[in-house]
Amino acid sequence: MSHLSQRPEKPAVGVSMPHESAVQHVTGAALYTDDLVHRTKDVLHAYPVQVMKAHGRITRLHTGPALAVPGVVRVLTGADVPGVNDAGMKHDEPLFPDTVMFHGHAVAWVLGETLEAARLGAAAVEVDLDEQPSLIALRDAIAAGSFHGARPVMLTGDVDAGFADSAHVFSGEFQFSDQEHFYLETHAALALVDENGQMFVQSSTQHPSETQEIVAHVLGLHSHEVTVQCLRMGGGFGGKEMQPHGFAAVAALGARLTGRPVRVRLNRTQDLTMSGKRHGFHAEWRIGFDAEGRIQALEATLTADGGWSLDLSEPVVARALCHIDNTYWIPNARVAGRIAKTNKVSNTAFRGFGGPQGMLVIEDIMGRCAPLLGLDPMELRERNFYRRGQGQTTPYGQPVTHPERISAVWQQVRADGHLADRRREIAAFNAAHPNTKRGLAITGVKFGISFNLTAFNQGGALVLVYKDGSVLINHGGTEMGQGLHTKMLQVAATTLGIPLHKVRLAPTRTDKVPNTSATAASAGADLNGAAVKNACEQIRERLLQVAGGRLGTNASDVRIVEGVARALGSDEELAWDDLVRSAYFQRVQLSASGFYRTEGLHWDAKAFQGSPFKYFSYGAAAAEVEVDGFTGAYRIRRVDIVHDVGDSLSPMIDIGQVEGGFVQGAGWLTLEDMRWDTGDGPGRGRLLTQAASTYKLPSFSEMPQEFHVRLLENATEEGAVYGSKAVGEPPLMLAFSVREALRQAAAAFGPAGVSVELASPATPEAVYWAIEATRRAASSPNGHHGDGPAAEAGARTEAEALSGA
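Residues numbered from 1 in each chain as written. Predicted model: local features only at pLDDT ≥ 70, side-chain atom pairs only at ≥ 80, totals over all residues. Heavy atoms only, no water.

1. Section: the overall build of the chain
- In terms of helices and strands, the chain carries 20 helices and 29 strands.
- For 805 residues, the compact-globule estimate of 2.2 N^0.38 gives 28 Å, and the chain sits close to it at 28 Å.
- Along the longest, intermediate and shortest principal axes, the C-alpha atoms of the chain span 90 × 80 × 50 Å.
- Counting over 805 residues, the chain shows a buried share of 61%.
- Counted over contacts in the chain with a minimum sequence separation of 6, partners at least 24 positions apart contribute 81%.
- Accessible area of the chain: about 29,100 Å², with a carbon and sulfur share of 51%.
- A distance of 2 Å separates the average location of the 73 positive side-chain charges in the chain from that of its 89 negative side-chain charges. (Helix = DSSP H or I, 4+ residues; strand = E, 2+ residues; numbered from the N terminus. Rg over C-alpha atoms; globule rule 2.2 N^0.38 Å. Buried < 20%, exposed > 50% of the residue type's maximum accessible area, 1.4 Å probe, protein only. Contact = heavy atoms within 4.5 Å. Areas by Shrake-Rupley, 256 points an atom, 1.4 Å probe, with all protein chains shown as cover. Lys, Arg positive; Asp, Glu negative; His and termini not counted. Charge placed at Lys NZ, Arg CZ, Asp CG, Glu CD.)

2. Some details on the nonpolar core
- With 103 residues, the main nonpolar core has Ile 287, Phe 289, Leu 302, Val 335, Val 627 and Leu 742 as its most contacted residues.
- Excluding residues that lie within four positions of it along the chain, Val 627 makes contacts with Asn 435, Thr 436, Lys 437, Gly 632, Ala 633, Tyr 634, Leu 742, Ala 745, Phe 749, Val 767 and Ile 771. (Core = buried A, V, L, I, M, F, W, Y, C linked by side-chain atoms within 4.5 Å.)

3. So, the side chain of Thr 327
- Its place among the elements puts Thr 327 in the loop between helix H9 (313–322) and strand E15 (333–341).
- Non-local contacts of Thr 327, meaning those with residues more than four positions away in its chain, are made with Asn 384, Phe 385, Tyr 386, Ile 406, Gly 444, Val 445 and Lys 446.

4. With respect to the packing of helix H18 (residues 736–747) against helix H19 (residues 764–779)
- Interhelical geometry of H18 versus H19 gives an angle of 35° and a closest axis separation of 8 Å. Every pair of crossing elements has a handedness; the one defined by H18 and H19 is right-handed. Contact with H18, carried on its side by Leu 742, Ala 746 and Ala 747, involves Val 767, Ala 770, Ile 771 and Thr 774 of H19 and no other residues of that element.
- The class makeup of the residues in the contact of H18 with H19 is six nonpolar, one polar and no charged. (Axes fitted to C-alpha atoms, helices over the stretch in contact; angles between N-to-C directions. Left-handed = near helix turned anticlockwise from the far one by under 90°. Nonpolar A, V, L, I, M, F, W, Y, C, P; charged D, E, K, R; others polar.)

5. Topic: empty space enclosed by the protein
- Tallied over the full model, the rule gives five cavities of 30 Å³ or more.
- Within this model, the largest cavity holds a volume of roughly 360 Å³.
- Contributing to the lining of the largest cavity are 20 residues, with Ala 87, Glu 93, Phe 247, Met 274 and Trp 308 lying nearest its centre.
- Across the lining of the largest cavity, the residue classes break down as eleven nonpolar, seven polar and two charged.
- Approximately 80 Å³ is the volume attributed to the second largest cavity.
- As for the second largest cavity, its lining consists of 13 residues, of which Asp 526, Tyr 596, Thr 598, Lys 614 and Tyr 615 are closest to the centre. (1 Å grid on protein atoms, 1.4 Å probe; cavity = no way out; pocket = protein on both sides within 12 Å on 5 of 7 lines; lining within 4 Å. Points joined across faces, edges and corners; volume = space filled by probe spheres on them.)

6. Comments concerning unusual backbone geometry
- Cis geometry is found at the peptide bond from Ser 760 to Pro 761, where omega equals 15°.
- Its identity as a non-glycine residue notwithstanding, His 91 has a phi of 55°, on the positive side.
- Take His 91: it is sitting in the loop between strand E3 (72–76) and strand E4 (99–100).
- According to the relative accessible area criterion, His 91 is exposed, its value standing at 52%.
- A positive phi angle is found at His 418, which is not glycine, with a value near 50°.
- In this structure, His 418 sits in the loop between helix H12 (404–416) and helix H13 (419–432).
- Using a relative accessible area of 47% as the deciding quantity, one classes His 418 as partly exposed.

7. Description of helix H15 (residues 524–551)
- With 28 residues, H15 extends 38 Å between its outermost C-alpha atoms, agreeing within 8% with the 40 Å of an ideal straight helix rising 1.5 Å per residue.
- Burial of H15 is extensive: 20 of the 28 residues sit out of reach of the surface.
- Once H15 finishes, Gly 552 follows within two positions and takes phi at roughly 70°, a positive value. (Expected span 1.5 Å × (residues − 1).)

8. Considerations on the sheet that holds strand E23 (residues 573–575)
- In space, the three strands of this open sheet follow the order E21-E22-E23, with antiparallel pairing throughout. The strands lining the two open edges of the sheet, one partner per strand, are strand E21 (558–561) and E23. For this sheet, the mean inter-axis angle between neighbouring strands, taken without regard to orientation, is 20°.
- Of the pairings in the sheet, the one linking strand E22 (residues 564–567) to E23 comprises three bridges and is antiparallel in character. Looking at the pairing, Arg 566 lines up with Glu 573 of E23. (Pairing = 2+ DSSP bridges.)

9. Some remarks on the sheet that holds strand E2 (residues 56–62)
- Read across the sheet, three strands follow the order E4-E2-E6 without closing on themselves; strand pairing throughout is antiparallel. Edge positions in the sheet fall to E4 and strand E6 (126–131), since each of these pairs with one other strand and no more.
- Examined bridge by bridge, E2 and E6 share six bridges and lie antiparallel to one another. Paired with Leu 61 across the two strands is Val 127, which belongs to E6.

10. Topic: the environment of Asn 347
- Positionally, Asn 347 belongs in the loop between E15 and helix H10 (355–372).
- Along the sequence, Asn 347 and Lys 277 sit 70 residues apart, while their C-alpha atoms lie 4.8 Å from each other.
- The contacts of Asn 347, once residues within four sequence positions are left out, are Gly 276, Lys 277, Arg 278, His 279, Asp 305, Gly 306, Gly 307, Asp 311, Leu 312 and Ser 313.
- Of note is the side chain of Asn 347, whose polar atom sits 2.7 Å from the backbone oxygen of Asp 305. (Polar contact = N/O pair within 3.5 Å; in protein donor to acceptor, adjacent residues only side chain to side chain.)

11. Details of the environment of Thr 401
- Examined against the element boundaries, Thr 401 turns out to sit in the loop between helix H11 (377–383) and H12.
- Thr 401 sits 379 residues away from Ala 22 along the chain, and the two C-alpha atoms are 36 Å apart.
- Once you skip the residues sitting within four places of it in the chain, Thr 401 turns out to touch Tyr 615, Phe 616 and Tyr 618.

12. Observations concerning the packing of aromatic side chains
- Taken as a whole and assessed by the stated rule, the structure comprises 17 aromatic pairs.
- Consider the rings of Phe 385 and Trp 410, whose centres lie 4.9 Å apart with planes at 85°: the pair is edge-to-face. Highlighted residues: Phe 385 in the loop between H11 and H12 and Trp 410 in helix H12, separated in sequence by 25 residues. The same class applies to Phe 385 and to Trp 410, which are both buried. (Phe/Tyr/Trp six-rings, centres within 6.5 Å; stacked < 30°, edge-to-face > 60°.)

So, in structure tokens, the structure goes:
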């Protein structure tokens, strides 16, 4: 076992413990960015001047009326920017635009003594607009040829030969929805200038180093003149990876110009109308199977709705392409990706980062094609799994490590969930209930862990040991409720060999750990954990030398366990506090800067080939649903999950992440129906689902009645910190099982062999229309699809009818 993976005696990792801030969370004592306003003197409040048109050039911006409003101190416009007027890394996101690019675009910000004064001031600003044509719907952008950014193509094998060798060929198209992050804490920043003119920004950001960089270039400063701190976030889910930077820059610019602290906090409606979402996608596809139902060839074009600027759309599309195979070996593939430019908010990272979109395409294909092939969907999926010893690689050329785990988690779910017995029970229930049907489906997950961009796969830490033996750790990751800080405390205590109560964690700050990557790509624990471990090892090695001297033995024969240093084969011991004190008096350094870079990664973005991922995380889920044939309403009766997190650093945290990820995925696939005004009226481009009253989020009522989650056992991941694996994103895709179970239930209302088309999100309305289609198939002489050309034509026709609905 590698040095990085090996666990010492009596480790603190692997112990189930609550979140390190759990008590503060539930008592309300935990501080978030906007809570600091009440602890800061003379704060000014910023409010955006939003233009409620989808697209147009600003011909006049008159701020005078705002300045006449009592309590208004200043109006920030592009003329006030001393540096670069841009809030993004691609330089395509002007902080103060001269062209409105989406409905609700902020063109100026008003600073007021109170939030109400700032709001009234913003309402008083006059903006004249030369309206331009706008593209709102993804299909309209595709038809208009409105694209931006890279257009990658992933190619493997001989696609034409693969189709020629296929016994069955099907084709279709599929459009599926975007998703709102709906974190509990909206975007927030608080900026102030110290006596030396240094800028200090408190920001609810997943990427403090990039927030620092953007604030610096907007203000025309060097990065060492800007410090960004993130206490914690009330949720992020990717929505705070890129998009907090502009809001922090507005606060910093206001503080720089007024000399007073400036607070930016979006209300919920502003957050929904100004911040990006998960990318909605459109997919066109063609797939070939052999006579046994094994995939021979796949051809697809995936188009992401990028919104008005690029943001992270390029790497999102790249990851979507890299995950279209999911758990299935596809020997011949040609998959193209592109980004549509629309007049909507700039879509951004969201848990899974394109992976869910790519995987949803292949899972939808499998669900649609199984009945056309005369196969049970479970059997079709199993037949196409990656297999060990076959020399199989992904379509982008990476060998699949531990492919046997795909089958292992699958079989474990089948056994734990008693699927064979329950399928018989469901068949009996469906036969006895003409107007209510149940469905049961199982789906798997293979998700690559690492940032697509190799350079981002690095982490840093700063560990300080004080004379009294207490330890303070700093690392580059941010805490958004996912338990990263809890795991880092466990890693530090394990590496140093001391009890957890000896270790405290400081808020994430750019002046402690520089040049950090975003807490994203599920890599937070991998990167920062390895860096914390590296720093602690440096200190421990120095302390072992001191302990060896005190105990009269070689340093290599000393072990520090549970806060006590002991020599092998001796009863002599030295308490941790005494050891640290001795080291101080011997002038031994008691701090260390740790660093980690993920090894073994290489990626050729132009050829779209390489090994971009350190490893793959695996999981499987079985979901059972019950559907009402009159309304399409449904409930999730039971879910069984087995998920691979390697050797868990913190099992309670990881199980919580699996549960939460699954529920969020189920929300995306079944509930969260984001709607935009695509009409030609004055509200064109407006987000119609602007609140929790119109945008349905999963709640207790949508939770499975039975919810069983277990972690795969004996699953050490070689070469990862203490043998663990990432857990943040992969569980979200386990929710495909719910959508596929709904498809099975809808199919039960019609004859065998019908390919059920199901919209995404599969709302009760969408399920009802799917049921109606299967009922029509029961009464139609052509309703039962066979295979071959007729099936291909049928699949294509149904797909077009669905996407146009």
